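A closer look at the structure
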Amino acid sequence: SEFYLRAKLPLPRIEMITGEAVPEPYKSLLVHQNDMTPTLEAFYKSDIHLEIVSRERRGDFYFREVVLRLNRDEQPVEFGASKLYVGRYPEEVRELILAEEIPLGRILADCGVKHRTETRAFLRVESDALITEKFELAAPAVLYGRKALISDQQGRPLSEVVEILPLAKSA
């Protein structure tokens, strides 16, 4: 919501739902406690890279909106908004995050950062103009997503994320 507030845009219509209410194939992509990047890479059988929509740095906090795109054909596979506590990451990881090329989930896996991902809510979202454009949709659509918290081994937050998936297409 901070991104929309800063951009002076109304929030898309978002409804919190249960994991059981998430339809397939979204359910298998969202209803788990895993990082999204490896989950999406396995589903689409392709590595993923970032497209930065917006960013802001405030002290040890780094906020960004991104579109995750498949390396093989640039297909958008996630719209995400993150609040990252960059001061809590090791220097190597912090540098990779701020380089804005590799998704967080891939960085955490490649760098062996021990963490826990906890889904806090599942979402049904009516795409607004921004999300519709970024997902290259012909018209607004009902999409699904989740809000998750990534924590370190001591339980300290590393990142708060909202992840919305486009209309699901198989690999």
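Attention here is on the structure that accompanies the text.

Conventions we followed
- Residues numbered from 1 in each chain as written.
- Predicted model: local features only at pLDDT ≥ 70, side-chain atom pairs only at ≥ 80, totals over all residues.
- Heavy atoms only, no water.
- Phe/Tyr/Trp six-rings, centres within 6.5 Å; stacked < 30°, edge-to-face > 60°.
- Buried < 20%, exposed > 50% of the residue type's maximum accessible area, 1.4 Å probe, protein only.
- Lys NZ or Arg CZ within 6 Å of the ring centre and 35° of its normal.
- Helix = DSSP H or I, 4+ residues; strand = E, 2+ residues; numbered from the N terminus.
- Contact = heavy atoms within 4.5 Å.
- Salt bridge = Lys/Arg side-chain N within 4 Å of Asp/Glu carboxyl O.
- Pairing = 2+ DSSP bridges.

1. Topic: the packing of aromatic side chains
Counted under the stated rule, the structure contains four aromatic pairs. Arranged with centres 4.8 Å apart and planes meeting at 85°, the rings of Phe 43 and Tyr 44 form a pair that is edge-to-face. A relative accessible area of 23% means that Phe 43 is categorised as partly exposed. Here Tyr 44 falls in the buried class, since its relative accessible area comes to 2%. Note on Phe 61 and Phe 63: the rings are 6.5 Å apart at their centroids and 35° apart in plane angle, and the pair reads as tilted. A connected cluster of aromatic rings, assembled from ring pairs, spans Phe 61, Phe 63 and Tyr 85. Positioned above the aromatic ring of Phe 61, the side-chain terminus of Lys 83 is 4.9 Å from the ring centre.

2. Description of the environment of Lys 27
With respect to the element layout, Lys 27 can be found in helix H2 (residues 26–30). Residue Lys 27 is classed as partly exposed on the basis of its relative accessible area, which comes to 27%. Along the primary structure Lys 27 and Glu 100 are separated by 73 residues, whereas in three dimensions their C-alpha atoms are 28 Å apart. Apart from the residues lying within four places of it in its own chain, the contact partners of Lys 27 are Gly 19, Glu 20 and Val 22.

3. Digging into helix H3 (residues 36–44)
What H3 keeps buried is the set Met 36, Thr 37, Thr 39, Leu 40, Glu 41 and Tyr 44. Residue Lys 45 follows H3 closely and has a positive phi angle near 55°.

4. So, the pattern of salt bridges
One side chain can pair with another of opposite charge once the charged atoms of both are near each other. Under the criterion given, the structure shown has 14 salt bridges. As a salt-bridge pair, Asp 152 and Arg 156 come within 2.8 Å of each other at their nearest N and O atoms. Classification of Asp 152 as buried rests on a relative accessible area of 8%. When salt bridges that share partners are traced, they join Glu 51, Arg 69, Lys 134 and Glu 136 into one network.

5. Regarding the pairing of strand E4 (residues 76–85)
The buried fraction of E4 amounts to nine of the ten residues, a majority that puts the element mostly inside the structure. As paired strands, strand E3 (residues 61–70) and E4 are joined by nine bridges and run antiparallel to one another. Residue pairing across strands places Phe 61 opposite Tyr 85, the latter belonging to E4. Turn length for the E3-E4 hairpin, with the two strands adjacent in sequence and antiparallel, is five residues, and the turn residue Glu 74 shows positive phi of about 70°. Examined bridge by bridge, E4 and strand E7 (residues 157–165) share six bridges and lie antiparallel to one another. Among the inter-strand pairings, Gly 80 is bridged to a residue of E7, identified as Glu 163.

6. Considerations on the pairing of strand E2 (residues 48–58)
By the bridge criterion, ten bridges tie E2 to E3 in an arrangement that is antiparallel. Counted as the bridge partner of Ile 48 is Leu 70 from E3. Adjacent in sequence and paired antiparallel, E2 and E3 are bridged by two residues, among which Gly 59 carries a positive phi angle near 60°.

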